[in-house]
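# Fold and contact review
Each chain, written out:
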Amino acid sequence: MPEALTGKIRQKNKNTDMKNECLLVAGGKENKIDLKFFHGFENVFVIACDKGYEYCVKQNVPIDFLCGDFDSCSLEIPEEKTIPFGVDVLPSHKDDTDLIYAVRYALKNGFRKISITCAGGGRADHFLSNVQAMVFAKTGGNGEYEIENPVKISLYDDENEIFIIQNESIELRKKENCSLSVLSFSDKSEGVTIRGTEYEVFDVTLSNRFPLGQSNEWRDEICNISVKNGILLIILSKL
């Protein structure tokens, strides 16, 4: 990432103590943004990225911060004063994607619970880079940001929900008509245990070179997934 662009990421300059969760609205395939936020966005800091600005305007989602090179956005870029925490117009030639820039902003400003939406569908390369952006957030920007507590990161759309865990465990409540896949994102994930599913495993090693863990099913109302050393990609998909 060019040094000038890294240095441009600003600190929040207003009191957002009531907003301890961050939502990044990307510019991929549009989906229903409030799927996870049916209670509203009062306590959610919303960052719109490029075409995500269009989606937020269309769905009446309040925007706290706006960023991007706006190469895919058909709306006119709003004036800085109309967005509570401003607008960062980025150069089109840069190392970071618009989404990575938004992730950096979220991490720099202390958010440790981050959701991403409108980031699936369309181009496969964009989707895969968005998953990499999730891992970047999970690892605190690959160690660039001092992280005391683990970052909770997820990505969702109308059909899927994705979680990333690293050296930790997660509990997931059963979802009807939904498959559950657990894949290794790191070269290998050691000490993987999956309980409460049709196919259980205990203290095994998964590799990112073989899709063991694809299309599991819930057996109990809650399943527990843990990994001792590694990064797991957990995908819930509607059948």
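Up top is the structure.
Below: a short report on this structure. (Residues numbered from 1 in each chain as written. Predicted model: local features only at pLDDT ≥ 70, side-chain atom pairs only at ≥ 80, totals over all residues. Heavy atoms only, no water.)

Tracing the sequence through the fold places asparagine 130 in helix 4 (residues 124-138). By relative accessible area, which is 11% here, asparagine 130 ends up buried. Of note is the side chain of asparagine 130, whose polar atom sits 2.8 Å from the backbone oxygen of alanine 119. Here asparagine 130 is in contact with Leu99, Ala119 and Leu155, once residues within four sequence places are set aside. (Helix = DSSP H or I, 4+ residues; strand = E, 2+ residues; numbered from the N terminus. Buried < 20%, exposed > 50% of the residue type's maximum accessible area, 1.4 Å probe, protein only. Polar contact = N/O pair within 3.5 Å; in protein donor to acceptor, adjacent residues only side chain to side chain. Contact = heavy atoms within 4.5 Å.)

What follows deals with the sheet that holds strand 1 (residues 21-25). Across the sheet, which stays open at both edges, the nine strands sit in the order 4-3-2-1-5-6-7-13-9 with mixed pairing between neighbours. Two strands lie at the open edges of the sheet, namely strand 4 (87-89) and strand 9 (178-184), each paired on one side alone. The sheet shows a mean angle of 15 degrees between the axes of neighbouring strands, taken without regard to direction. As defined by bridge partners, strand 1 adjoins strand 2 (residues 44-49) across five bridges and the pair is classed as parallel. Looking at strand 2, one finds that valine 25 is bridged to alanine 48. Along the sheet, helix 4 makes contact with strand 5 (113-117), strand 6 (152-156), strand 7 (160-166) and strand 13 (231-238), crossing strand 7 at roughly 40 degrees. (Pairing = 2+ DSSP bridges. Axes fitted to C-alpha atoms, helices over the stretch in contact; angles between N-to-C directions.)

In spatial order, the strands read 8-12-10-11; together these four strands make up an open sheet with antiparallel pairing. Two strands in the sheet have a free side with no partner beyond their single neighbour: strand 8 (169-173) and strand 11 (201-207). The mean inter-strand angle of the sheet, taken between neighbouring strand axes irrespective of direction, is 25 degrees. In this structure, strand 10 (residues 188-195) lies alongside strand 11, joined through four bridges in antiparallel fashion. In the sheet register, lysine 188 faces strand 11, and the bridge partner there is serine 207.

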